[in-house]
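Survey of secondary and tertiary structure
Residues per chain are reported as follows:
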Amino acid sequence: MKRPAETSLKSLKALSHAFLKLNIKLTKMSPLVVKHPFTDSGIVGLRKKDGGIAIADLTGDSASLRAWREQIGQLIDNAEKPIDLFMMVTKSYKLSFLKHAVPYLSEQDAARFLSWAWVITEAPNSHPNLSKRELLSLFRSVDPQKLMDEEEYELFCGLDDVVTVYRGVTSYNAKNVKALSWTLNRDTAEWFAHRFDEHGTVYEAQILKEHICAVFLGRNEAEVIVDPKYLQGITPIQE
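If you're wondering where the values come from, they're calculated on a predicted model, not measured in any experiment.

**A short note on the overall build of the protein**
Counting secondary structure elements, the protein contains 9 helices and 10 strands. By principal-axis analysis of the C-alpha atoms, the protein measures approximately 65 × 45 × 25 Å. Counting contacts in the protein only where the partners sit at least 6 residues apart, residues at least 24 apart contribute 66% of the total. Accessible area of the protein: about 13300 Å², with a carbon and sulfur share of 51%. When the 30 positive and 31 negative side-chain charges of the protein are each reduced to one mean point, those points stand 10 Å apart.

Below, the structure written as structure tokens:
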């Protein structure tokens, strides 16, 4: 993919406005909890003409919804940097936004926003709007060094040619063993297998270093992003 030398802020703003027009998805906890690229709650504060704040329900009042969209639209128009727009997008939509934003991003920004979105997204391997192939394509489209900070890249460069990795799963994701996220640390995999008081399973596998896209240390998980089709010898560890 040929990337622009500089990120197009104008194109990102147009994309943001398109995401803003998406319908608000209701949940079992609506209106308190909803799903939308620019809000996690249907209950928001709207600025009044006198400068005060009015509490509004976006799920039950079309006028409030229009007013909210206008106010968010103004924030989008006033954004001075690409990071301002990415900060506005809710966590659950950051990877979806990135997927559509990639053609407008410089390689540096694409790598920066991908690593950030990946680390803060809950269960990114099971993302409803991006397949494993699409996620892997995002990682493969940027220079690994740009994905990692200095410490992470130093660890990445020091990996053996064949790397042993671990993954802990519970009943929630037991069918998603061949995912992108693994770890260099068995204890971390054990934690994932037993969180939420579950009796999950820890898997061990080997993979060639050339099929590892990145190492992330941000959550103290020693996470490695791999191309899962190259995992070898996937075996459950007996405790």
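Still more to cover.
**Description of the nonpolar core**
Ranked by size, the top nonpolar core spans 61 residues in total, and within it W68, L98, F139 and W182 carry the most contacts. A per-element tally of this core places helix α5 (residues 107-120) first, with 6 residues. Counting residues in hydrophobic clusters, the runner-up holds 5 residues, among them Y166, A193, V202 and I237.

**A few points about the packing of aromatic side chains**
Tallied over the entire structure, the rule returns 7 aromatic pairs. Ring geometry for Y153 versus F156: centroids 6.0 Å apart, planes at 20°, classification stacked. Taken together, the positions of Y153 and F156, both in helix α8 (residues 150-157) and 3 residues apart, correspond to about one turn of that helix. Looking at K209, its charged tip hangs above the ring of F156, at a distance of 5.6 Å from the centre.

**Remarks on the packing of helix α1 (residues 9-20) against helix α4 (residues 94-101)**
Where α1 meets α4, the closest approach of the two axes is 11 Å, and the angle between their N-to-C directions is 135°. Considered as vectors, α1 and α4 are oriented oblique to each other. Of the two possible hands of crossing, α1 and α4 adopt the one that is right-handed. Packed against α1, whose contacting residues are L12, L15, S16 and F19, the element α4 presents S96, F97, H100 and A101 at the interface. Taken together, the residues of the contact of α1 with α4 break down into 5 nonpolar, 3 polar and no charged.

**Thoughts on the state of the cysteines**
Working definition of a disulfide: a covalent bond connecting the sulfur atoms of two cysteines. Applying the stated criterion across every chain, the model contains 0 disulfides. With no disulfide of its own, C157 lies closest to C213 among cysteine sulfurs, the gap being 14 Å.

**What to know about the side chain of T121**
Looking at where T121 falls in the secondary structure, it is placed in the loop between α5 and α6 (132-140). The buried category is assigned to T121, whose relative accessible area is 5%. Only 2.5 Å separates the side chain of T121 from the backbone oxygen of A117, close enough to count as a polar contact. Discounting chain neighbours no more than four positions away, the residues touching T121 are K91, L95, H127 and R219.

**Some words on the pairing of strand β3 (residues 43-47)**
Of the two faces of β3, the one holding V44 and L46 is buried and the one holding I43, G45 and R47 is not buried anywhere. Pairing of β3 with strand β4 (residues 53-57), which is carried by 5 bridges, proceeds in the antiparallel orientation. Opposite L46, over in β4, you have A54 as the bridge partner. In this antiparallel pair of consecutive strands, β3 and β4, the connection spans 5 residues, and G51 shows a positive phi of 95°.

**As for a nonpolar patch on the surface**
On the surface, a nonpolar cluster with roughly 580 Å² of combined accessible area is contributed by M29, L32, V33, I43, I53 and I55. Structurally, I53 can be placed in strand β4.

What counts and how
- Residues numbered from 1 in each chain as written.
- Predicted model: local features only at pLDDT ≥ 70, side-chain atom pairs only at ≥ 80, totals over all residues.
- Heavy atoms only, no water.
- Helix = DSSP H or I, 4+ residues; strand = E, 2+ residues; numbered from the N terminus.
- Contact = heavy atoms within 4.5 Å.
- Areas by Shrake-Rupley, 256 points an atom, 1.4 Å probe, with all protein chains shown as cover.
- Lys, Arg positive; Asp, Glu negative; His and termini not counted.
- Charge placed at Lys NZ, Arg CZ, Asp CG, Glu CD.
- Core = buried A, V, L, I, M, F, W, Y, C linked by side-chain atoms within 4.5 Å.
- Buried < 20%, exposed > 50% of the residue type's maximum accessible area, 1.4 Å probe, protein only.
- Phe/Tyr/Trp six-rings, centres within 6.5 Å; stacked < 30°, edge-to-face > 60°.
- Lys NZ or Arg CZ within 6 Å of the ring centre and 35° of its normal.
- Axes fitted to C-alpha atoms, helices over the stretch in contact; angles between N-to-C directions.
- Parallel < 35°, antiparallel > 145°, perpendicular 65-115°, else oblique.
- Left-handed = near helix turned anticlockwise from the far one by under 90°.
- Nonpolar A, V, L, I, M, F, W, Y, C, P; charged D, E, K, R; others polar.
- Disulfide = S-S within 2.5 Å.
- Polar contact = N/O pair within 3.5 Å; in protein donor to acceptor, adjacent residues only side chain to side chain.
- Pairing = 2+ DSSP bridges.
- Patch = residues over 30% accessible without salt bridge, like charges linked within 9 Å, V, L, I, M, F, W, Y side chains within 5 Å.
- Salt bridge = Lys/Arg side-chain N within 4 Å of Asp/Glu carboxyl O.

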